Amino acid sequence: MTIPANLKYTKEHEWVRVEGDCAIFGISDHAQEALGDIVFVELPEIGRTLEAGEAYAVVESVKAVSDVYAPVAGEVIEVNEALEGEPELVNSEAYGAGWIAKVKMSGADSVELMSDDEYTLFLEE
Amino acid sequence: MTELAKTPLFDQHVALGGKIVPFAGFEMPVQYKSGALREYTAVREGGAGIFDISHMGQVRVTGSGALAFLQYVTTNDVSKLIPGQVHYSALLNAGGTFIDDITTYKISDTEYYLCINAANRHKDVAHLQAEAKAFAVSVVDESDDTTLLALQGAASQAALQPMVNSELESIGYYKFARVQVNGVDAIVSRTGYTGEDGFEIYIPNSIAISVWKTLLVHGAEPIGLAARDMLRTEMGYALYGHEISDAVTPVEAKLMWITKLDKGDFIGKTAVEARRAAGPERRLIALKLTERGIPREHYKVFVDGVESGEVTSGMHSPLAGGVALAYVQPEHADNGDLSVEIRGKLVAAERTTLPFVRSNVRR
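On to the overall build of chain A, then. The number of helices and strands found in chain A is 4 helices and 9 strands. The order of α-helices and β-strands along chain A, N terminus first, is β-β-β-α-β-β-β-β-β-α-α-β-α. Its C-alpha atoms give chain A a radius of gyration of 13 Å, within 12% of the compact-globule value 14 Å for 125 residues. With the principal axes as the frame, chain A shows a C-alpha extent of 35 × 35 × 20 Å. Taken over 125 residues, chain A has a buried fraction of 48%. When contacts within chain A are restricted to residue pairs at least 6 apart in sequence, long-range pairs at least 24 apart make up 63% of them. Accessible surface, chain A: about 5800 Å² in total, of which carbon and sulfur atoms supply 46%. Distance between charge centroids for chain A: 4 Å, based on 7 positive and 27 negative side chains.

This is the structure in structure tokens:
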């Protein structure tokens, strides 16, 4: 299981990467492994305003339907449309090609975020 | 909460990386290391998959009254079976609704073997033993002594043949033979729940692990509950607790083909006849989404924008997309624009025919 050092993590097993005033969201390697084969991703609409902690996407595995929550507040400016045809990218490249959405951050509002080390400890608990 | 049971193969499942979940009172593998999709593909695309379905129950019915008894307690016409033949059937209650769906194996005129659902086992056995009192018959629950493996997929026969002392080629679809597997008496039937060629193998618990391991050596891949459910849903096969239950009769469930009203009296017959005359309360349909999405169990089905029923089994089929079985109001079974409510949105669907995916069983 990988936990890159350049990302922040949430207790709901999402990751967020901040780039200037934008943030990119996805789910962690731990999350994709726990869900199993992902067969469908419902993406948010461009322009939607998200509050921190708001459910903004849905990932469906063979057996389960799971909400995905926004780590930080912002407006959706881009979504990973590749996931509509290849939802399995969330499994195979959770931190790369399996990203879900990009937002323009609105202020500093966020859920509790963890560093890679803190998330590693969180998973061990 | 009663403790969950384990099959004789539990440790094998754990050793193979099986993700264990509670299912019908047992701890069973929902998938192994490679994941449900790869397991599904192994069975559907030319390989062989091995499923531990030992949680299912087996009941032996013996005695001079065996035929008369089974004619009375099951829906299909047992007089049509020849020794070595299996058929799909059901146990109904007096109200005509399902106690269980079963398979009946005819060993001889005085000996039959029933395979029943795990979750219904104790209910079924109690029912059968109560009804047996009026017949010259004995009903013995052999579930705890029996391991049942399903071996499914085009490569099944090649994987199993080296372990069996007779020619599997001679066993036709829905036929069985009493053979030796790894030198021990067993029943092998050309039956299954996947729409692929394959076998169901009844063996004593004592050889469960050796047979399992030998099949793995012969190239069979272990398959969990998730892939099993995908394979059966693609065929549109009914599953107790989903399409059939004690709330529906064979008239609703499209199972009149196993309910022989012309064979003489049987439990539930009068109620089924009355329901057929009055018309079904709802009807089972097969649907396919025409937009993106996955229809899942209990999602509401709408016809012309009005709620009509709900999904009983649904999935994302790698071959057919979002497909489902659903009950709708009888007047909506053939007419009206279909949609499925997914997270508050109506997603368009169309009626389709079963199976959702081509069956490769050997007819």
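Moving on, we come to the overall build of chain B. When you go through chain B residue by residue, the secondary structure sums to 8 helices and 19 strands. By the compact-globule yardstick of 21 Å for 363 residues, chain B fits well, its C-alpha radius of gyration being 20 Å. Each principal axis of the C-alpha distribution contributes one length, and for chain B these read about 60 × 50 × 45 Å. Counting across all 363 residues of chain B, residues that qualify as buried make up 56%. Expressed as a percentage of contacts within chain B between residues at least 6 apart in sequence, the contacts between residues at least 24 apart total 66%. Here chain B has roughly 14500 Å² of accessible surface; of this, 51% comes from carbon and sulfur atoms. Seen as two clouds, the 35 positive and the 43 negative side-chain charges of chain B have centres 3 Å apart.

Bringing the side chain of Arg228 of chain B into the picture now. Residues and elements named next belong to chain B. Residue placement: Arg228 occurs in helix α7 (residues 225-235). Despite its burial, Arg228 remains without a salt bridge, the nearest opposite charge being carried by Glu200 at 5.0 Å. With near-sequence residues (within four places) excluded, Arg228 lies in contact with Phe51, Ile53, Met56, Tyr193 and Ile223.

Our next topic: the packing of helix α2 (residues 36-44) of chain B against α7 of chain B. The angle between the axes and the distance between the axes are what describe a pair of packed helices. Residues and elements named next belong to chain B. Where α2 contacts α7, the axes come no closer than 8 Å and their chain directions differ by 50°. By the angle between their directions, the pair α2 and α7 is classed as oblique. In this structure, the crossing between α2 and α7 has a hand that is right-handed. Only Ala226, Ala227, Met230, Leu231, Glu234 and Met235 of α7 make contact with α2, whose side of the interface consists of Ala36, Leu37, Glu39, Tyr40, Val43 and Arg44. Here the residues of the contact of α2 with α7 are counted per class, giving 9 nonpolar, no polar and 3 charged.

One frequent convention defines the size of an interface as the accessible area lost when the parts assemble. Tallying the contact residues gives 16 residues for chain B and 15 residues for chain A. Of the roughly 1400 Å² buried where chain B meets chain A, counting both sides, 47% is carbon and sulfur surface. Together, Arg292, Arg296 and Arg343 of chain B form the three largest contributors to the area buried by chain B at its contact with chain A, with a combined 46%. In this structure, Arg292 of chain B engages Glu84 of chain A in a salt bridge whose closest nitrogen and oxygen atoms are separated by 3.7 Å. One can count 10 residue pairs in polar contact (both at pLDDT 80 or more) joining chain B with chain A. Counting residues per element, the ones that place at least two in the side of chain B that touches chain A are α2 and α7 of chain B. The residue makeup of the side of chain B that touches chain A, split by class, is 6 nonpolar, 3 polar and 7 charged.

Further remarks concern the nonpolar core. Residues and elements named next belong to chain B. Phe98 and Ile244 are the most contacted members of the largest nonpolar core, which totals 54 residues. Tallying contributions element by element places α7 first for this core, with 6 residues. In contact with Phe98, other than residues within four places in its own chain, are Ala90, Leu91, Leu92, Tyr240, Ile244, Ser245, Asp246, Val248, Thr249, Pro250, Ala253 and Leu255. Counting residues in each nonpolar core, the second largest holds 26 residues, with Ile50, Leu149, Leu168 and Ile201 among its members.

Let us look at the sheet that holds strand β5 (residues 85-92) of chain B. Hydrogen bonds between backbone atoms are what pair the strands of a sheet, whose relative direction is either parallel or antiparallel. Residue and element names in this part refer to chain B. Here we have 5 strands laid out as an open sheet, ordered β5-β6-β7-β4-β8, and antiparallel in their pairing. Strand pairing shows two members of the sheet lacking a second neighbour, β5 and β8 (138-141), which therefore form its edges. Averaged over all neighbouring strand pairs, the angle between strand axes comes to 25°, with direction disregarded. Across 4 bridges, strand β4 (residues 57-62) lies against β8 in antiparallel orientation. When the bridges of β8 are listed, Val61 appears paired with Val139. Those strands touched by helix α4 (residues 121-132) are β4, β5, β6 (98-108), β7 (111-116) and β8, and its axis lies near 165° from that of β8.

With that settled, consider unusual backbone geometry. Most peptide bonds take the trans form, and the phi angle of most residues other than glycine is negative. Residues and elements named next belong to chain B. Looking along the chain, the bond that leaves Leu354 and enters Pro355 is cis, with omega of -5°. Here Pro355 shows up in the segment after β19 (345-351). For His298, which is not glycine, the phi torsion reads 80° and is therefore positive. With respect to the secondary-structure elements, His298 resides in the loop between β14 (283-289) and β15 (300-303).

Attention shifts here to the packing of helix α3 (residues 66-73) of chain B against α4 of chain B. Residues and elements named next belong to chain B. The contact between α3 and α4 brings their axes to 11 Å, and the two run at 125°. As far as their axial angle goes, α4 and α3 are oblique. Note on packing geometry: the crossing formed by α3 with α4 is right-handed. Facing Phe69, Tyr72 and Val73 of α3, the residues of α4 in contact are Leu128, Glu131 and Ala132.

To continue, consider the pattern of salt bridges. Here the idea is simple: oppositely charged side chains can pair when their charged atoms come close. Tallied over the entire structure, the rule returns 28 salt bridges over all chains. The shortest N-O distance in the salt bridge between Lys345 of chain B and Glu42 of chain A comes to 4.0 Å. In this pair, Lys345 of chain B sits in strand β19 while Glu42 of chain A sits in strand β4 (residues 38-42), so the two residues belong to two different chains. With a shortest N-O distance of 3.2 Å, Lys80 of chain B and Asp77 of chain B are connected by a salt bridge. Residue Lys80 of chain B is classed as exposed on the basis of its relative accessible area, which comes to 61%.

About the criteria used
- Residues numbered from 1 in each chain as written.
- Chains lettered and ligands numbered in written order.
- Predicted model: local features only at pLDDT ≥ 70, side-chain atom pairs only at ≥ 80, totals over all residues.
- Heavy atoms only, no water.
- Helix = DSSP H or I, 4+ residues; strand = E, 2+ residues; numbered from the N terminus.
- Rg over C-alpha atoms; globule rule 2.2 N^0.38 Å.
- Buried < 20%, exposed > 50% of the residue type's maximum accessible area, 1.4 Å probe, protein only.
- Contact = heavy atoms within 4.5 Å.
- Areas by Shrake-Rupley, 256 points an atom, 1.4 Å probe, with all protein chains shown as cover.
- Lys, Arg positive; Asp, Glu negative; His and termini not counted.
- Charge placed at Lys NZ, Arg CZ, Asp CG, Glu CD.
- Salt bridge = Lys/Arg side-chain N within 4 Å of Asp/Glu carboxyl O.
- Axes fitted to C-alpha atoms, helices over the stretch in contact; angles between N-to-C directions.
- Parallel < 35°, antiparallel > 145°, perpendicular 65-115°, else oblique.
- Left-handed = near helix turned anticlockwise from the far one by under 90°.
- Nonpolar A, V, L, I, M, F, W, Y, C, P; charged D, E, K, R; others polar.
- Buried area = accessible area lost by both parts, 1.4 Å probe.
- Polar contact = N/O pair within 3.5 Å; in protein donor to acceptor, adjacent residues only side chain to side chain.
- Core = buried A, V, L, I, M, F, W, Y, C linked by side-chain atoms within 4.5 Å.
- Pairing = 2+ DSSP bridges.

By themselves these figures say nothing about function.
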